[in-house]
Amino acid sequence: MTNSNFSGVKRPEFEHMTHAHARAASRLSRLSHELWVELTKADLGTSAAIRIRDIAAEMQNEANDLQRRQRLFAEMDRLGTNIKVGQPNGLYWKLPDGPLDPTADVRFALTLARKGKALTDAELQQLALTLRRHRGDETFAAIFASGLGARGTLEFWGGVSEWAGQKGKERQAILKDLQKEFGHTLARATSMDSAAMEQWKREIISLGGQEINLSPAIREPRGFQIMSSLLRHGAYDTKFLVNYGKALIEYDKGGGKDLERFWTHFGRRDFNVGNQQDAGNDPMTGLMEALGHNPDAAIGVLKDDKIFKYVMAERAWFKDTLGASENEIVAGRDALGHALQAATTGRQYDQAPIDLDPRKGKGHTADQAALFQELIKLVSRDTTRAYPEIRDSLGRIAAEYIPDINRVLSAETVGGEKNAALFPTVGSSFGPGEAAPTRSEVARFLYEVSKDPDGYAPVLLSQKHYTSGLIDYHLQHPDRYLSLTDDGWETVHLATHAAGAVHGILALGRWNTTTGEAAEDDKKYNDSLGTRMDWIAGGTGTLIGVGTSFIASPAVGAAVSGGATTVFGIVNKQVAEKLKHDTVEGSMHANGEEIEASRAETLRTLQDAVDKAGRSYNSPRHETFSGAVGLGFGGGFTAGMGLTGVSVSMRSPLYDGFCRRVSVRARCSSPRGPSTPCPL
């Protein structure tokens, strides 16, 4: 600052700072990754690298914000919007003197908003800036929203956003920014407990099915479409979101089987500005995105059995695109996956996994676990409902329920109290009796999930980490073995049998997906594993946390540190090295022989890890643990493949490369006749 009459920034210095910040964030991120790799190779704890990575992520967020402000500054300079020249070497824009005045800013914002479609680009920017300055201010937000009124809110956004794609890229970018700020403001307003806002919320819902007059058109869009486009941004009040969601879904059911015509017969608009694949004509997409950011509202809506079956099995989701599109992704189904993720895990879909450490008293609720059980049953009985767009979300959900999945897959070999003792959990688990899914239902569900690289990766990595942490726990606490006569052999055998079952199911699903363009498809799997590994390696609260934090012991820290004599540390190192090799060298599951090689390699790694850990923990008869792993993992792998019920052709590479090596209990379909038992 060289002029006390102005507040702002000097453009050259601001641009230099922005570029420097972005470069520093990028360098720090690379440094954290390089450090993590070296620490992993050295069998040392990676917590320092993870902390540096988190700092780098925070710096990158700040850099992104600075770059956005830089673009805004340049645009204001170009338009001459409230700009004053303060010094020859700097540009400044005048800001209000003294503290923020919410009342004055509300009046200013309402004056602009009431101009509607007549707003200039500069005025739209001023409105977005004003809303951004008061983001998080509940009083400002409530006065602004109630001042517009429910109908005024819908008329304003519907009016300025309709046909946004036809108004030029500059205005489209301005409107996209305004949509975000307007959504955050309305979300904050819904948290206000006042008579005015209660009326606003009731009226927004009642106007949902009504046509909103925007222009002299024959038919107009409905309130639900306009409001749902704004639900994508901000954290809306849970009660409001549940009431809104149930009302919209009930109205949506009236559209029957041709929902595309029901919602677009007035013509396609682009209320969700700037997204050609998700234009905002289907209001259910915006609702599902909002639920994906509000876990309490998500479970509040989706735990209703009728609603769950409607969105998963009955609703005809449609492509909401502007113009021709070769992209087959249905944005609404992708958003549905986000809502399911929030409802079953208790966290926003784009946040890291919740911390399930029993010492912190967290875990899944009964409603969350019950919903996941129903999801497993529905998908396993009608696999067409494992939509390609939701498989990544289904995989992330399953990754957080790995202990429950292990319990189910082991139910016939170890049941009752032993089952619970072998696979300890925190919070609610799958219900007893008929409420719980069967082994075959879980297997079929995982098989469908594994057809997508982003569904396969989190389940595989979570299972690896859970198994290794679980064995570490039991070896550290021999008093918790399954029986008084168990010297550790039975525990190791059963734990690795469950792990083998999961690996076998996933391997079969992956192989059946990569049989076409094997190299290209398999690279997608390995790339996803690499991405997911970085996400998982975050320690507490991530999938390593899922893998170890179910283990009710303060000694968990020893396993998390990844030491050279823990099962966890050895397996973690093997996974990292294998990912690097597969991504560089090529296909890992290109044929049946590759699957067998992968199975054998994982088995050898587990055997080596358990043997070293047994010696470290002074476990009696640790020399027998390698055999326990061999019988457990190997038997579980083939049993898991058999549980899927998937037929394997005798002429397929899988049969030649795997069935002839291992006694597989899966069915083998003869090309010369009906299915026959595998002869081996």
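Computed from a predicted structure; not experimentally measured.

> Before we go on, may I ask you to explain the overall build of the protein chain in this structure?
Broken down by element type, the protein chain carries 29 helices and 5 strands. By the burial criterion, 55% of the 680 residues in the protein chain qualify as buried. With an accessible surface of roughly 27700 Å², the protein chain has 51% of that area assigned to carbon and sulfur atoms.

> Sorry, what's going on with the packing of helix H12 (residues 283-292) against helix H15 (residues 331-345) here?
Two quantities define a packed helix pair, namely the angle between the helix axes and the distance between the axes. Remark: H12 packs on H15, axes separated minimally by 7 Å, with the N-to-C direction vectors making an angle of 25 degrees. Between H12 and H15, the angle falls in the class roughly parallel. Regarding H12 and H15, the two cross each other, and that crossing is left-handed. Facing H12, whose interface residues are Thr285, Met288, Glu289, Leu291 and Gly292, H15 presents Ala331, Gly332, Ala335, Leu336, His338, Ala339 and Ala342. Broken down by class, the residue content of the contact of H12 with H15 amounts to 7 nonpolar, 4 polar and 1 charged.

> I would appreciate a short explanation of the pattern of salt bridges in the present structure.
Note that side chains of opposite charge can pair when their charged atoms are close. Enumeration according to the criterion identifies 26 salt bridges in this entry. Ionic pairing is found between Arg232 and Asp278, a salt bridge with its closest N-O pair at 2.6 Å. A residue pair is termed long-range when its members are at least 10 positions apart, and Arg232 in the loop between helix H9 (223-230) and helix H10 (238-253) and Asp278 in the loop between helix H11 (259-264) and H12 qualify at 46 residues. Of the two residues examined, Arg232 and Asp278, each falls in the buried class. Each of Arg132, Arg135, Asp177 and Glu181 takes part in one network of salt bridges that share partners.

> Just checking my understanding: could you explain helix H17 (residues 391-400) for this structure?
By the criterion of burial, H17 is predominantly enclosed, with 10 of the 10 residues buried. Looking at H17, one finds that the buried residues are Arg391, Asp392, Ser393, Leu394, Gly395, Arg396, Ile397, Ala398, Ala399 and Glu400.

> Explanation requested: H10 in the structure shown.
Residue pairs three or four apart in sequence face the same way in an α-helix, which turns once every 3.6 residues. In this model H10 runs 23 Å from its N-terminal to its C-terminal C-alpha over 16 residues, within 8% of the 22 Å that 1.5 Å per residue would give. Those residues of H10 not exposed but buried are Phe240, Leu241, Val242, Tyr244, Gly245, Leu248, Ile249 and Asp252. On its buried side, H10 packs onto helix H8 (195-206), H9, H11, H12, helix H13 (295-302) and helix H14 (305-314). Where H10 begins, one side-chain oxygen reaches toward the backbone nitrogen of Lys239, 3.3 Å away; that side chain belongs to Asp237.

> Please explain the environment of Lys451 as it appears in this structure.
Note on placement: Lys451 falls in the loop between helix H20 (439-449) and helix H21 (453-476). A sequence separation of 60 residues divides Lys451 from Arg391, and the C-alpha atoms of the two residues are 7.9 Å apart. Among the polar contacts made by the side chain of Lys451, one reaches the side chain of Glu448 at a distance of 3.2 Å.

> Hey, could you run me through the nonpolar core in this one?
Generally speaking, soluble globular proteins have nonpolar side chains that are buried together. Counting 137 residues, the largest nonpolar core has Trp157, Met288, Met312, Leu375 and Phe445 as its most contacted members. Here this core takes 11 residues from helix H22 (residues 489-513), the largest share from any one element. Dropping the residues within four chain positions of it, Met288 is found in contact with Val311, Trp317, Ala335, Leu336 and Ala339.

> Help me understand unusual backbone geometry in this model?
Most peptide bonds are trans, and most residues other than glycine sit at a negative phi. Of note, Asn618 is a non-glycine position whose phi angle comes to about 60 degrees, a positive value. Tracing the backbone shows Asn618 in the loop between helix H27 (592-616) and helix H28 (625-643). At Arg621, a residue that is not glycine, the phi angle is positive and equals roughly 55 degrees. Counting through the fold element by element, Arg621 comes out in the loop between H27 and H28.

> In this structure, what is going on with the packing of aromatic side chains? I would like to understand it.
Note on aromatic pairs: each is described by the distance of the centres and the angle between the planes. Applying the stated criterion across every chain, the model contains 17 aromatic pairs. With 6.2 Å between their ring centres and 45 degrees between their planes, Trp200 and Phe240 make a pair best called tilted. Taken together, the residues span a long stretch of sequence, with Trp200 in helix H8 and Phe240 in helix H10 at a distance of 40 residues. Centre to centre, the rings of Phe262 and Trp263 are 5.0 Å apart; their planes meet at 80 degrees, and the pair counts as edge-to-face. Of the two residues, Phe262 and Trp263, neither departs from the other in class, the shared state being buried. Following the ring pairs from residue to residue traces out a cluster consisting of Trp200, Phe224, Tyr236, Phe240, Tyr244, Tyr251, Phe262 and Trp263.

> Can you help me understand the environment of Ser410 in this one?
The residue Ser410 is located in the loop between helix H18 (402-409) and helix H19 (416-422) in this model. Separated by 226 residues in sequence, Ser410 and Gly636 place their C-alpha atoms 9.3 Å apart. If sequence neighbours within four positions are ignored, Ser410 has contacts with Asn419, Phe423, Leu494 and Ala498.

> What am I meant to see in the packing of H18 against H21 here?
Look at H18 against H21: their axes get within 10 Å of each other, and the N-to-C directions meet at 80 degrees. Taken as axis vectors, H18 and H21 run roughly perpendicular relative to one another. Counting all contacts with H18, which are made through Ile402, Pro403 and Asn406, the residues of H21 involved are Val459, Ser462, Gln463 and Tyr466. Within the contact of H18 with H21, the residues separate by chemical class into 4 nonpolar, 3 polar and no charged.

> How should I be thinking about the side chain of Arg510 in this particular structure?
You can see Arg510 is positioned in helix H22. For Arg510, a relative accessible area of 0% translates into the label buried.

> What am I meant to see in the environment of Tyr236 here?
As for its position among the elements, Tyr236 is in the loop between H9 and H10. In this structure, the C-alpha to C-alpha distance between Tyr236 and Gly183, residues 53 residues apart in sequence, is 9.0 Å. Apart from the residues lying within four places of it in its own chain, the contact partners of Tyr236 are Gly183, Leu186, Ala187, Thr190, Met227, Leu230, Leu231, Leu241 and Asn294.

> Help me out: how do you make sense of the confidence of the model for the protein chain in this one?
Low-confidence regions, as indicated by low pLDDT, have predicted coordinates that should not be scrutinised in detail. Looking at the protein chain as a whole, its pLDDT mean stands at 78, while 71% of the residues score no less than 70. Per-residue pLDDT stays below 50 along residues 1-7; that stretch engages in 15 contacts with residues further than four places along the chain or on separate chains. For residues 533-564, every residue scores under 50 in pLDDT, and the model assigns this stretch 104 contacts once sequence neighbours within four places are set aside.

Quick notes on the rules
Residues numbered from 1 in each chain as written. Predicted model: local features only at pLDDT ≥ 70, side-chain atom pairs only at ≥ 80, totals over all residues. Heavy atoms only, no water. Helix = DSSP H or I, 4+ residues; strand = E, 2+ residues; numbered from the N terminus. Buried < 20%, exposed > 50% of the residue type's maximum accessible area, 1.4 Å probe, protein only. Areas by Shrake-Rupley, 256 points an atom, 1.4 Å probe, with all protein chains shown as cover. Axes fitted to C-alpha atoms, helices over the stretch in contact; angles between N-to-C directions. Parallel < 35°, antiparallel > 145°, perpendicular 65-115°, else oblique. Left-handed = near helix turned anticlockwise from the far one by under 90°. Contact = heavy atoms within 4.5 Å. Nonpolar A, V, L, I, M, F, W, Y, C, P; charged D, E, K, R; others polar. Salt bridge = Lys/Arg side-chain N within 4 Å of Asp/Glu carboxyl O. Expected span 1.5 Å × (residues − 1). Polar contact = N/O pair within 3.5 Å; in protein donor to acceptor, adjacent residues only side chain to side chain. Core = buried A, V, L, I, M, F, W, Y, C linked by side-chain atoms within 4.5 Å. Phe/Tyr/Trp six-rings, centres within 6.5 Å; stacked < 30°, edge-to-face > 60°. pLDDT = per-residue confidence, 0-100.

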